[in-house]
Amino acid sequence: MSDKRKDYISWDEYFMGVAMLSGMRSKDPNTQVGACIVSKDNKILSMGYNGLPRGCSDDEFPWCREGDPLDNKYIYTAHSELNAILNYRGGSLENAKIYVTLFPCNECAKAIIQAGITTVVYDDDKYATSASVIASKRMFDAAGVRYYRYQRTGRKIEITL
Ligand SMILES: Nc1ccn([C@H]2C[C@H](O)[C@@H](COP(=O)(O)O)O2)c(=O)n1
Ligand SMILES: [Zn+2]
């Protein structure tokens, strides 16, 4: 009998890899974020990335970060985590895990908690000192949502499309 392959990717690499791939669909020129929601038994339930709501053209709405609130991206963009939650049509996300390439903001934290997601695995935490992320952590702690940073393995995955 032949030995099984040994260099297969781990569950964490698989799900964070899917979140990263999903983020590559984002049109945001500054920060692309991807999310992947997974069941307790490691089945992918949903994915999302940051982008505009349906019907709002990527080419007509602003992507800049500054200026009048009505002329920059923040007021219009749907975050990857919220999109992943809303993209799920299968019923309950109770006890699911979410893999996300950037730590959730306070609005997504509320949605994650209310959806019943109990674990957040994140990669980047570049806005850790912002009020939004501090509030997210406070809410996660209060609600018993576990969060931990994805441990990068340094593995490079090349896909030819
Ligand atoms: N956890 C997060 C945080 C942010 N986003 C989105 C929202 C924006 O499209 C972008 C952040 O833009 P920046 O201020 O870095 O220029 O990322 C998200 O989807 N999920
Ligand atoms: Zn958010």
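Structural data are supplied above this passage.
A few points on the structure.

Here is what the cut-offs are and how they apply
- Residues numbered from 1 in each chain as written.
- Chains lettered and ligands numbered in written order.
- Predicted model: local features only at pLDDT ≥ 70, side-chain atom pairs only at ≥ 80, totals over all residues.
- Heavy atoms only, no water.
- Donors = N, O, S within 2.8 Å, 3.2 Å for Na, K, Ca; no water.
- Helix = DSSP H or I, 4+ residues; strand = E, 2+ residues; numbered from the N terminus.
- Buried < 20%, exposed > 50% of the residue type's maximum accessible area, 1.4 Å probe, protein only.
- Pairing = 2+ DSSP bridges.
- Axes fitted to C-alpha atoms, helices over the stretch in contact; angles between N-to-C directions.
- Contact = heavy atoms within 4.5 Å.
- Phe/Tyr/Trp six-rings, centres within 6.5 Å; stacked < 30°, edge-to-face > 60°.
- Lys NZ or Arg CZ within 6 Å of the ring centre and 35° of its normal.

Another point: the coordination of the zinc ion (ligand 2). At this site the zinc ion (ligand 2) is bound by H79 (ND1), C105 (SG) and C108 (SG), with donor distances of 2.0 to 2.3 Å. Read in sequence order, the donor residues coordinating the zinc ion (ligand 2) give the pattern H-x25-C-x2-C. Of this pair, H79 sits in the loop between β2 (44-49) and α2 (80-87) while C105 sits in the loop between β3 (97-102) and α3 (106-115), placing them 26 residues apart in sequence. Owing to a relative accessible area of 31%, H79 belongs among the partly exposed residues under this scheme.

Here we take up the sheet that holds β2. The mixed open sheet is built from five strands, whose spatial order is β2-β1-β3-β4-β5. The sheet is open, and its two edges are formed by β2 and β5 (146-149), each paired on a single side. Within the sheet, the average angular offset between the axes of one strand and its neighbour, ignoring direction, is 15 degrees. In this sheet, strand β4 (residues 119-124) lies alongside β3 in parallel orientation, the contact comprising five bridges. In the strand pairing of β4, I98 is matched with V120. Docked against the sheet, helix α1 (residues 11-23) engages β1 (34-38), β2, β3, β4 and β5, running at close to 140 degrees with respect to β1.

Moving on: the packing of aromatic side chains. Considering all chains together, one arrives at nine aromatic pairs under this definition. With a centroid separation of 6.0 Å and 55 degrees between ring planes, the pair formed by F103 and F140 is classed as tilted. Residue F103 is found in the loop between β3 and α3, and its partner F140 is found in helix α4 (residues 131-143); the two are separated by 37 residues along the sequence. For the pair F103 and F140, a shared accessibility class is recorded, and that class is buried. Taken together, the ring pairs in this structure connect W11, Y14, F15 and Y99 into an aromatic cluster. The ring of F103 is capped by K137, whose NZ or CZ atom sits 4.7 Å from the centre of that ring.

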